[in-house]
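Descriptive analysis of the structure
This is what each chain is made of:
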Amino acid sequence: MTLLRRVGVLLLDYEYVLRHQLAALFDRSLPEALVDGTGGGSPVVLLPGIYETWRFLRPLARRLHAAGHPVHVISALGDNRMSLTEAADRVRAHLERFDLREVTIVAHSKGGLVARLLLATPGVEQRIRRAVTVAAPFSGSTLARYVPLAAVRALRPGAAELRSVSGTDAGVGRIVSVWGWWDPHIPGGSRLDGARNIPVPVGGHFRILGSPLVLRLIVELAD
């Protein structure tokens, strides 16, 4: 039964990612619309995972915007294949350009590693109130070594850049790590020592982003 359940989760996970990647491909909405007309809530910065653009997280962005938060996306991240350091530099530039403070970062997958790096960066961490990460590979993914793509292999356990990020506990207490009961892409899970860890009864690496339970939780944490 467990095997059948996991197979079902895997199929639903890829159905979710294909559907939302296609929607992102044809989306022509402007990111400025997510900042304007909000109810005065604290700013939220969205960080996508690898091979995801900000548009992949648009359903989450709309939910946060409807709750009154100005939602900032970092178009300069593209599909987030760059190094963690370069991604963090681009996010830092956005925070400084718009002088954002008391920021809640909401990050998926690799975006959670970028958030952790930002929280350990002097001069940047003071702008960030909290980071809410969903399905983040804080200990890497043992499956990454089998993927013939450099950007993915950089997330395997023991990879140099991943070691440099996990080598400090700075800012970890401001991270809320959310993950499901089974993640087919991160077999080791997303528990992070020193962070607030919230496992949820939702399976998958991608479809967890569409879970009503997780969406409500993220909005509550942003509030």
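What you see is a predicted model, and the numbers here were worked out from it, not measured in a lab. (Residues numbered from 1 in each chain as written. Predicted model: local features only at pLDDT ≥ 70, side-chain atom pairs only at ≥ 80, totals over all residues. Heavy atoms only, no water.)

1. With respect to a nonpolar patch on the surface
A cluster of nonpolar side chains, namely Leu3, Val7 and Leu11, defines an oily patch on the protein surface of about 320 Å² accessible area. Inspection of the secondary structure puts Leu3 in helix H1 (residues 2–26). Residue Leu3 is classed as exposed on the basis of its relative accessible area of 64%. (Patch = residues over 30% accessible without salt bridge, like charges linked within 9 Å, V, L, I, M, F, W, Y side chains within 5 Å. Areas by Shrake-Rupley, 256 points an atom, 1.4 Å probe, with all protein chains shown as cover. Salt bridge = Lys/Arg side-chain N within 4 Å of Asp/Glu carboxyl O. Helix = DSSP H or I, 4+ residues; strand = E, 2+ residues; numbered from the N terminus. Buried < 20%, exposed > 50% of the residue type's maximum accessible area, 1.4 Å probe, protein only.)

2. Here we look at the pattern of salt bridges
All told, the structure shown has 9 salt bridges when counted by the stated rule. Note that Arg55 is salt-bridged to Asp27, the shortest N-O span being 3.1 Å. With a gap of 28 residues between them, Arg55 in the loop between strand S1 (44–47) and helix H2 (58–66) and Asp27 in the loop between H1 and S1 connect regions that are remote in the sequence. The buried category is assigned to Asp27, whose relative accessible area is 15%. Among the ionic pairs, Arg127 bridges to Asp99, the shortest N-O distance being 3.0 Å. One end of the pair, Arg127, is in the loop between helix H4 (110–119) and strand S4 (128–134); the other, Asp99, is in the loop between helix H3 (84–97) and strand S3 (103–108), and 28 residues separate them in sequence. One continuous salt-bridge network, built from bridges that share partners, spans Asp27, Arg55 and Arg58.

3. Topic: the pairing of S4
Within S4, 5 of the 7 residues are buried, which leaves it mostly tucked inside the rest of the structure. Judged from the 6 bridges that link them, S3 and S4 form a sheet pairing that is parallel. Among the inter-strand pairings, His108 is bridged to a residue of S4, identified as Val134. Remark: the S3/H4/S4 crossover connection has right-handed handedness. As paired strands, S4 and strand S5 (residues 175–182) are joined by 4 bridges and run parallel to one another. (Pairing = 2+ DSSP bridges. Right-handed = clockwise from strand over helix to strand, strands pointing away.)

4. What to know about the environment of Arg63
Turning to its location among the elements, Arg63 is positioned in helix H2. Separated by 29 residues in the primary sequence, Arg63 and Leu34 place their C-alpha atoms 10 Å from one another.

5. Focus: unusual backbone geometry
Even without a glycine there, the phi angle at Asn80 is positive, about 60°. For Ala135, which is not glycine, the phi torsion reads 55° and is therefore positive. Mapped onto the secondary structure, Ala135 falls in the loop between S4 and helix H5 (150–153).

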